[in-house]
Amino acid sequence: MWYDGCFNIFLSGGNVGKQNRKRLAKFKNNVMFQNTFARLTQDALQRYEFKGLPDTISERVLAQSLLWYGGVCIFEKDGSLLCLPACPTGDGYNIYGEPSKVWVFSRNGQYNKSVDVYIHGSDESAFLRRGISGAMASKNPKGVYIWENALRFPFINYTAFFSRVIADTMRTLDVCRVNIKRPYIIVAEESVVNTVKQFFNDRDNNEDYIISSGIFSADKVNLLPITTNSDNLTACTSLIEWYENQYRMLCGVENNAQMDKKGENLISAEDSINEEYTEFSVDKALKYISLGLEDVNKLFGTNISVQAKKGVDKDVKDVSRNAGTDGSVSDNTTDI
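The structure presented is a predicted model; accordingly, all values stated were derived computationally and were not measured. (Residues numbered from 1 in each chain as written. Predicted model: local features only at pLDDT ≥ 70, side-chain atom pairs only at ≥ 80, totals over all residues. Heavy atoms only, no water.)

What follows concerns helix α5 (residues 231-251). Over its 21 residues, α5 extends 30 Å from the first C-alpha to the last, a length consistent with the 30 Å expected when each residue adds 1.5 Å. All buried positions along α5 are accounted for by C236, I240, Y243, E244, N245, Q246, Y247, M249, L250 and C251. (Helix = DSSP H or I, 4+ residues; strand = E, 2+ residues; numbered from the N terminus. Expected span 1.5 Å × (residues − 1). Buried < 20%, exposed > 50% of the residue type's maximum accessible area, 1.4 Å probe, protein only.)

See below:
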């Protein structure tokens with residue numbers, strides 16, 4: 001499954017059916033998740049970049065496949081190198097659990113094939129090519145399967161989780177905003193419910209004036225005040241920021257993930273811990289992608305490499321790290 005198709009499920013035509021408040025709320029929830037998921041997915045795709053790719057390999061498909069499936073296959077087809085998402089077939093694992101065959105599939109469905117892939121170290125030990133029931137992997141593999149991490153766990157699962165909790169908190173923030181704007185519950189007799197709904201819908205639509213065919217009895221409608229607290233807005237925004245920082249840290253983007261609730265400046269030790277973990281998060285992916293690319297370069301004579309995308313300019317980072325609590329900067333800091 002390709003994730004591109006999931007972004008226009010609710011946006012095609014803009015029709016969500018009968019516009020009652022429950023369906024409208026569900027629609028808003030879905031749109032908020034879609035927007036957040038799209039944004040966080042873009043962030044995840046910016047964790048690293050590739051160098052030396054042949055023109056026949058799409059860097060977009062390469063990055064998307066690693067993100068969504070945790071693995072990708074670079075293989076030879078008609079004398080050119082191609083790149084497609086793939087899944088191990090399950091019938092060719094060796095003693096280390098490395099697959100000797102994967103099933104690649106294309107976006108248009110026109111190319112779905114089993115590809116023999118190279119097993120690292122198999123040119124030095126034929127035993128590593130031995131799979132289930134003693135079947136031997138091909139001596140002339142046509143591709144290399146590249147993993148993104150040791151667990152072979154798709155990073156998109158983190159993206160989906162943080163998208164859900166951030167979107168939910170954003171909607172909570174939106175509801176808090178409405179409650180502050182309208183801090184009451186409407187109680188009405190059944191006979192005037194539709195009239196009251198229409199009245200408030202017209203008002204929420206910012207209509208200049210509202211025409212009513214008659215005035216219902218005041219004792220049929222009552223407004224019950226509800227307790228509202230502006231601190232809830234602050235709590236929601238702080239939680240959203242914390243979620244965002246945690247996700248950025250997983251993506252390898254330096255940020256103040258350790259910032260406390262008061263927003264105080266980080267001490268040097270906390271800043272250092274955050275930076276080390278941030279760099280480690282990306283390094284884990286780079287390590288396993290590089291191992292796969294080494295096999296690609298060895299098998300096909302290419303010179304493909306991967307490197308992290310830096311989220312903070314080094315000079316700016318140096319200034320931040322050496323700044324004192326009074327805003328002063330130490331002498332060994334690079335001027336900018």
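The structure having been displayed, the exposition proceeds.
Residues at a pLDDT of 70 or more form 71% of the protein chain, whose mean pLDDT is 78. Scored below 50 in pLDDT, residues 7-18 makes 13 contacts in the model with residues more than four places away or belonging to other chains. Long-range and interchain partners of residues 257-264, a stretch whose pLDDT sits below 50, account for 11 contacts in this model, where long-range means more than four residues apart. (pLDDT = per-residue confidence, 0-100. Contact = heavy atoms within 4.5 Å.)

This structure, assessed with the given rule, holds 13 aromatic pairs. Through successive ring pairs, a cluster of aromatic residues spans F153, F155, Y158, F161, F162, W242, Y243 and Y247. A cation over an aromatic ring shows up here: R47 above the ring of F155, its NZ or CZ 4.1 Å from the ring centre. (Phe/Tyr/Trp six-rings, centres within 6.5 Å; stacked < 30°, edge-to-face > 60°. Lys NZ or Arg CZ within 6 Å of the ring centre and 35° of its normal.)

Looking now at the nonpolar core. Ranked by internal contacts, the top residues of the largest apolar core, which has 22 residues, are A44, L67, F155, F162, I166 and Y247. Mapped by element, the contributors of at least two residues to this core are α1 (21-45), α2 (59-69), α3 (156-181) and α5. Residues in contact with F155, not counting those within four places in the same chain, are A44, R47, L67, E148, Y247, L250 and C251. (Core = buried A, V, L, I, M, F, W, Y, C linked by side-chain atoms within 4.5 Å.)

It is worth spelling out the pairing of strand β2 (residues 71-77) at this point. The buried fraction of β2 is high, at five of seven residues. In terms of strand pairing, β2 meets strand β7 (residues 143-147) through five bridges, oriented antiparallel. Note that in β7 the partner of F75 across the bridge is G143. Relative to strand β3 (residues 80-84), β2 is paired through five bridges, and the arrangement is antiparallel. (Pairing = 2+ DSSP bridges.)

This part covers the pattern of salt bridges. Side-chain pairs of opposite charge can arise whenever the charged atoms involved come near each other. The final tally for this structure, using the stated rule, is eight salt bridges. A salt bridge links D78 to K77; the shortest N-O distance between them is 4.0 Å. One salt bridge in this structure joins D116 and K101, with 2.5 Å as the shortest N-O distance. One end of the pair, D116, is in strand β6 (residues 112-116); the other, K101, is in strand β5 (residues 101-105), and 15 residues separate them in sequence. Taking relative accessible area as the criterion, D116 reaches 23% and is therefore assigned partly exposed. Residues joined in a network through salt bridges with shared partners are R39, E244 and R248. (Salt bridge = Lys/Arg side-chain N within 4 Å of Asp/Glu carboxyl O.)

A word on the sheet that holds β3. Pairing is antiparallel across the open sheet formed by three strands, whose spatial order is β3-β2-β7. A strand with exactly one partner marks an edge of an open sheet, and here the two such strands are β3 and β7. Sheet twist, expressed as the average angle between the axes of neighbouring strands with direction ignored, equals 20°. Sheet contacts for α2: β2, β3 and β7; angle to β2, the most-contacted strand, approximately 140°. (Axes fitted to C-alpha atoms, helices over the stretch in contact; angles between N-to-C directions.)

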